[in-house]
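Fold and geometry: a report
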Amino acid sequence: MVANANTPLLTLNNGTTIPQLGFGVFKVDPDETTRIVTDALEVGYRHIDTAATYGNEEGVGQAIASAGIPRDELFITTKLWNDRQTDAEAAFDESLGKLGLDYVDLYLIHWPTPQKDTFVQAWKSLEKIYASGRAKAIGVSNFLVPHLEKLLANTDVVPAVNQIELHPAHQQPEVTAFSREHGIAIEAWGPLGQGKYPLFETPEVSQAAEAHGKTPAQVVIRWHLQTGNIVFPKSNRRERMAENFDVFDFELSSDEVAAISSLEREGRVSAHPDEVN
């Protein structure tokens with residue numbers, strides 16, 4: 001894809017490039033999605049992350065259609081919901097239709113749903129979608145090491161990404177290490193901890209923010225970028241979108257990165273992947 005002037009591009013394991021900073025629409029009201037995504041595109045985001053279960057793919061598609069941005073300058077992700085793992089190709093076609101696109105840049109299995117034991121079957125369908133060119137890359141979301149091991153042992157295409165809950169209190173070092181050893185890029189969802197713990201008040205974050213004249217949120221996003229994560233914070237407010245995007249004019253020191261990394265405490269704030277079925 002064509003690079004935005006600000007956002008770094010990372011190269012995935014199949015040669016596809018992805019903007020390292022994007023915009024997520026989890027819990028964005030479908031009735032507000034077109035306006036919110038339009039704002040994000042105008043701010044400068046070119047990477048939009050949605051999912052079938054969010055119910056707002058159509059709003060994302062409408063924003064894309066009216067933006068006038070060349071398709072090759074956009075990176076669009078959507079995801080296969082849990083109850084469609086045995087019907088993945090039809091589910092994908094539905095998502096593509098709602099988005100109004102000929103292809104997506106990335107298609108993910110949203111959760112492994114281990115009790116159903118259908119994610120290998122689903123992945124084989126994603127391999128067919130990928131071979132058809134309708135998804136430029138395929139990957140997984142919320143997969144732990146045992147899920148990845150099973151997938152790698154029984155399928156042909158290595159996932160391009162693993163999108164997982166990741167923020168300073170919950171960095172999933174085992175999952176990230178295994179993924180990266182196998183060439184699977186890490187995408188961080190809930191990158192700011194979803195406001196469920198006082199991340200921004202920690203000295204490690206607040207002191208770095210003061211030192212650089214930035215907000216705590218900007219510092220945490222910068223920490224993600226410097227540690228190699230692909231990240232897509234969300235906001236309904238245009239001024240906050242712009243703030244989250246304004247992270248390319250400073251760099252954290254190695255000590256500041258290490259200090260924020262030291263906040264790890266296995267502090268998951270959302271569902272455990274083994275419990276979502």
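1. Some thoughts on the overall build of the chain
Broken down by element type, the chain carries ten helices and ten strands. Whereas a compact globule of 277 residues would reach a radius of gyration of roughly 19 Å, the chain reaches 18 Å, a difference of no more than 12%. Residue burial in the chain is summarised as follows: out of 277 residues, 54% are buried. Excluding contacts between residues fewer than 6 apart, the proportion of contacts in the chain whose partners are at least 24 apart in sequence is 75%. Surface accessibility of the chain: about 11300 Å² in total, with carbon and sulfur atoms responsible for 47%. The distance from the centre of the 23 positive side-chain charges to the centre of the 39 negative ones in the chain is 3 Å.

2. Remarks on the packing of aromatic side chains
What the rule picks out here adds up to six aromatic pairs. Arranged with centres 4.7 Å apart and planes meeting at 55°, the rings of Tyr45 and Phe245 form a pair that is tilted. Taken together, the positions of Tyr45 in the loop between α1 (30-43) and β4 (47-49) and Phe245 in helix α9 (residues 238-245) put the pair 200 residues apart, joining distant regions of the chain. This pair shows no difference in class: Tyr45 is buried, exactly as Phe245 is. One aromatic cluster is present, formed by Phe23, Tyr45, Phe245 and Phe248 through successive ring pairs.

3. Re α1
Taking 1.5 Å of rise per residue, the 14 residues of α1 would be expected to cover 20 Å, and the 20 Å separating its terminal C-alpha atoms lies within 8% of that figure. Buried residues of α1: Thr33, Ile36, Val37, Asp39, Ala40 and Leu41, and no others. The N-cap of α1, judged by a side-chain oxygen 2.8 Å from the amide nitrogen of Asp31 a few residues on, is Asp29. Looking one or two residues beyond α1, the residue adopting positive phi is Gly44, at roughly 135°.

4. Some thoughts on the environment of Phe245
Given the relative accessible area of 7%, Phe245 is considered buried. With 44 residues separating them along the chain, Phe245 and Glu201 place their C-alpha atoms 21 Å apart.

5. Considerations on the pattern of salt bridges
Opposite charge on two side chains makes pairing possible when the charged atoms of those side chains draw close. For the structure shown, the criterion picks out 15 salt bridges. For the salt bridge of Asp39 with Arg35, the shortest nitrogen-to-oxygen distance reads 3.6 Å. Here Asp39 and its partner Arg35 are both found in helix α1, four residues apart, which amounts to about one turn of the helix. Of the charged contacts, one joins Arg268 and Glu165 as a salt bridge, the two residues approaching to 3.9 Å between their closest N and O atoms.

6. A closer look at helix α6 (residues 173-181)
Three or more residues of α6 are buried, namely Val175, Thr176, Phe178 and Ser179. Mapping the buried residues of α6 onto a view down its axis gives an arc of 165°, with all of them on the same face. More than 90 degrees from the buried face of α6, the exposed residues found are Pro173, Glu174 and Glu181. The secondary structure elements touched by the buried residues of α6 are α5 (145-154), β8 (161-165) and β9 (185-189). Once α6 finishes, Gly183 follows within two positions and takes phi at roughly 75°, a positive value.

Parameters and conventions
Residues numbered from 1 in each chain as written. Predicted model: local features only at pLDDT ≥ 70, side-chain atom pairs only at ≥ 80, totals over all residues. Heavy atoms only, no water. Helix = DSSP H or I, 4+ residues; strand = E, 2+ residues; numbered from the N terminus. Rg over C-alpha atoms; globule rule 2.2 N^0.38 Å. Buried < 20%, exposed > 50% of the residue type's maximum accessible area, 1.4 Å probe, protein only. Contact = heavy atoms within 4.5 Å. Areas by Shrake-Rupley, 256 points an atom, 1.4 Å probe, with all protein chains shown as cover. Lys, Arg positive; Asp, Glu negative; His and termini not counted. Charge placed at Lys NZ, Arg CZ, Asp CG, Glu CD. Phe/Tyr/Trp six-rings, centres within 6.5 Å; stacked < 30°, edge-to-face > 60°. Expected span 1.5 Å × (residues − 1). Polar contact = N/O pair within 3.5 Å; in protein donor to acceptor, adjacent residues only side chain to side chain. Salt bridge = Lys/Arg side-chain N within 4 Å of Asp/Glu carboxyl O. Arc of directions from axis to C-beta.

Everything listed here is a matter of geometry and, on its own, says nothing about what the molecule does.
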